[in-house]
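# Reading the structure
What follows is each chain in one-letter form.
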Amino acid sequence: MSRVVVEARGLTVGWSGEPLLEKLDFEVASGDVFAILGGSGTGKSTLLRHLIGLEAPLGGTIEVNGEPPSLVGRPRHGVLFQSGALFGSMSLLENVVLPLRHWTDVREPERREIAAAKLRLVGLGGFEHYMPAEISGGMKKRAGIARALALDPELLFLDEPSAGLDPVTSSHLDDLILSLNQNLGVTIVIVTHELHSIFQVVSRCILLHRERRGIIATGDPRELARTSTDVRVREFFRSADAAGRHAGNAQ
Ligand SMILES: Nc1ncnc2c1ncn2[C@@H]1O[C@H](COP(=O)(O)OP(=O)(O)OP(=O)(O)O)[C@@H](O)[C@H]1O
């Protein structure tokens with residue numbers, strides 16, 4: 001049995017005391033690429049912000065590696081926000097060095113070596129001294145992932161990594177996500193609504209529904225797309241060609 005790394009029980013999240021999602025129960029197991037899916041405005045990013053400890057739940061509990069998520073102390077997980085959130089005044093290398101400088105006592109030359117290795121890992125070898133403004137959107141996402149990996153987390157949260165990317169760049173990013181999961185064993189929690197990414201990289205998902213204010217389906221997205229009899233689930237996966245092609249591949 002895989003270890004549970006994220007566990008939500010009776011979790012209610014929302015803003016200003018107003019629930020957006022109520023009484024959620026789900027868990028993420030070690031080794032999963034776990035997706036939070038749902039239509040626009042269902043609360044996917046809101047839920048992610050709660051899982052990483054940026055917001056406090058209105059009710060219920062979240063445990064990440066057996067503890068409530070906390071922003072205090074050395075982060076045990078990496079996060080890629082939608083914007084990539086690189087510091088524009090620093091080179092890519094400096095951006096990746098930053099968490100190492102803040103949270104470890106590794107000396108500067110080794111910090112720079114580790115950061116350069118992380119950039120190579122995400123396919124940005126040779127771009128260490130570029131500034132964020134000098135690189136493409138896809139490269140910014142990769143640099144953000146390199147920084148999120150700086151402290152060797154076992155768990156990575158990705159908020160819409162493909163947002164704003166063209167299909168080819170987005171597909172290359174999917175390959176990177178899969179490789180981090182399969183080759184490095186990183187557990188990944190991802191918010192996405194890209195069907196291609198969903199079928200390409202995700203092993204388990206929850207599907208959120210706005211009116212229901214909760215989870216309407218849990219499982220392997222290819223299975224859900226193929227077998228769900230729930231019209232709302234079918235509606236979500238309604239891109240029949242993509243679903244059929246990928247569900248077929250998965251058999
Ligand atoms: N910081 C905030 N303060 C108050 N309300 C917020 C905040 N962030 C999001 N919301 C509201 O919460 C609701 C859900 O937003 P959220 O961004 O979590 O949805 P989402 O499913 O990620 O949507 P999308 O796919 O469009 O990014 C929206 O009505 C949004 O206006």
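From a predicted model like this one, the values you see are computed outputs, not experimental measurements.

Turning next to the overall build of the protein. A count of helical and extended segments in the protein gives nine helices and nine strands. Taking 18 Å as the expected radius of gyration for a compact globule of 251 residues, we find that the protein reaches 18 Å, a close match to that expectation. With the principal axes as the frame, the protein shows a C-alpha extent of 55 × 40 × 35 Å. Taking all 251 residues of the protein together, the buried fraction comes to 40%. Sequence separation of 24 or more characterises 66% of the internal contacts of the protein that already satisfy a separation of 6 or more.

Our next topic: the site of the ligand. Around the ligand sit Trp15, Leu20, Gly38, Ser40, Gly41, Thr42, Gly43, Lys44, Ser45, Thr46 and His193, and those are all the residues in its vicinity. Element by element, the count of residues in the shell around the ligand is highest for helix H1 (residues 44–51), at three residues. Grouping the amino acids of the shell around the ligand by side-chain chemistry returns two nonpolar, eight polar and one charged.

This next bit is on the domain arrangement of the protein. For the protein, the assigned domains are domain 1 (4–76 + 155–250) and domain 2 (87–152). Domain 1 and domain 2 are separated by 26 Å when their C-alpha centres are compared. Every contact between the two is made by 10 residues of domain 1 and, on the other side, 10 residues of domain 2. The biggest single contributor to the side of domain 1 that touches domain 2 is helix H5 (residues 167–184), with four residues.

What counts, and where the lines are drawn
Residues numbered from 1 in each chain as written. Predicted model: local features only at pLDDT ≥ 70, side-chain atom pairs only at ≥ 80, totals over all residues. Helix = DSSP H or I, 4+ residues; strand = E, 2+ residues; numbered from the N terminus. Rg over C-alpha atoms; globule rule 2.2 N^0.38 Å. Buried ≥ 20, exposed ≤ 12 C-beta atoms within 10 Å, placed from the backbone. Contact = placed C-beta atoms within 7 Å. Near = placed C-beta within 6 Å. Nonpolar A, V, L, I, M, F, W, Y, C, P; charged D, E, K, R; others polar. Domains from an automatic or database assignment.

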